[in-house]
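Listed here are the chains, written in short residue letters.
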Amino acid sequence: MAHQPDYRGRFAPSPTGPLHMGSLLAALASYLDARSVAGTWLLRIEDIDPPREVPGAADSMLRSLEAHGLLWDESVLFQSTRLKEYSATLADLDAVDRVFACCCTRATLGPSGSCMGRCRPRPDEATSLRIKLDGDTGFDDQILGPQQPPNAQSDLVLRRKDRLYAYALAVVVDDAWQGINYVVRGSDLLSQTFAQLEIFTHLGFQLPKYAHLPLVRDSKGVKLSKQTGARAIHDASAVDNLRDALRLLQQKSANMPAGSAIELLSLATEQWLPEALADHPEKSLVYP
Ligand SMILES: [Zn+2]
């Protein structure tokens, strides 16, 4: 495969629990996509939602990634150190008239999750800040193919009523700042990508390329996540975990002989074929 030394990818988990098969899959796919072209792979901890964070989870994730041979470049970026930048970027978006205050609750938002500026917050009322979207930004997903925005998009929150910065803002600011040009992540974030691309554009940032992975579900069809109680993976079974993840990613390397995580990763990097996922009929993967 052609070398692309200016490829910069990343894995960016929230520290809300230990690594499970769904998050290992996202880490592994983004790692292999970067390493297969001799690119850079970064790690970012998205710790901007303290109420949801679990003490010790960030450390446990770093240790698990190391145990699985998923070694990152450069130093880990913690989003909690970046609040000033999020504030400055929010001001930049406001300066180009892309932000509005909204007092809607989930119940008063329109069917698509859209406020469309209909609410009229009182001066003393807590408001979230949302992005004004044009809704005309499509993109070519590296796995799923051409993607068009839905007719009615939800007005994404940039800063919550409790004044915490929202994912959509922080992820764009940091992808731009870290020079990330390839984003490989789960399809649960696909619907946000259109809005994120608009934010990149309004700020004059270069647009990254995106590849959205099918979601891993359990045998009952429930998406694996910390919220649904997905089992933590054991670091002592790193090679087996990697084989399971490679199998889910439809990679031939899953069954190749390897004595260690590093050896298996090296084979998987050589053999990495993301197109195998595009042919996967169900767009979702079942584990175990
Ligand atoms: Zn509103």
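A brief look at the structure comes next. Note that the structure is a prediction, hence the values are computed from the model and not measured. Just so you know, the residues in each chain are numbered from 1, in the order the chain's sequence is written. Local features in a predicted model are, by the rule used here, given only for residues with pLDDT of at least 70; side-chain atom pairs are given and counted only at 80 or more, and totals for whole chains, interfaces and linings are based on all residues. Values reported for side chains reflect all heavy atoms of the structure, with hydrogen atoms and water molecules removed beforehand.

## So, the overall build of the protein
Comment: elements are numbered from the N terminus, with helices defined as DSSP H or I runs of at least four residues and strands as E runs of at least two. Looking only at helices and strands, one finds eight helices and 12 strands in the protein. Against the 2.2 N^0.38 benchmark of 19 Å for 288 residues, the protein shows a C-alpha radius of gyration of 19 Å, consistent with a compact globule. By principal-axis analysis of the C-alpha atoms, the protein measures approximately 65 × 40 × 40 Å. For every residue, the accessible area (1.4 Å probe, protein chains only) is compared with the maximum for its type, and the residue is labelled buried under 20%, exposed over 50%, or partly exposed between those bounds. Buried positions account for 52% of the 288 residues belonging to the protein. Based on C-alpha atoms, the radius of gyration is set beside the globule rule, defined as 2.2 Å times the residue count to the power 0.38.

## Considering the sheet that holds strand S4 (residues 99-102)
A sheet is described by the order of its strands in space; here three strands give the open sequence S4-S5-S8, paired in antiparallel fashion. Every other strand in the sheet has two partners, leaving S4 and strand S8 (157-159) as the edge strands with one partner each. Neighbouring strand axes in the sheet, compared pairwise and without regard to direction, differ in orientation by 45° on average. Looking at chain direction, strand S5 (residues 128-131) and S8 are connected through two bridges and run antiparallel. The residue bridging Arg130 from the neighbouring strand is Val157, located in S8. Between any two strands, at least two bridges found by DSSP are needed for them to pair. Note on geometry: axes are lines fitted to C-alpha atoms, helical ones only across the stretch in contact, with angles between N-to-C directions running from 0 to 180 degrees.

## What about the sheet that holds strand S3 (residues 77-78)?
Spatially, the three strands line up as an open sheet ordered S1-S2-S3, and their pairing is parallel. Strand pairing shows two members of the sheet lacking a second neighbour, strand S1 (8-11) and S3, which therefore form its edges. Examined bridge by bridge, strand S2 (residues 40-45) and S3 share two bridges and lie parallel to one another. For Arg44, the partnering residue across the bridge sits in S3 and is Leu77. By the convention used here, residues are in contact when the closest approach between their heavy atoms is within 4.5 Å. Against the sheet, helix H1 (residues 21-35) makes contact with S1 and S2, and its axis sits at roughly 150° relative to S2, the strand it touches most. Along the sheet, helix H4 (residues 167-177) contacts S1, S2 and S3; its crossing angle with S2, the most-contacted strand, is approximately 145°.

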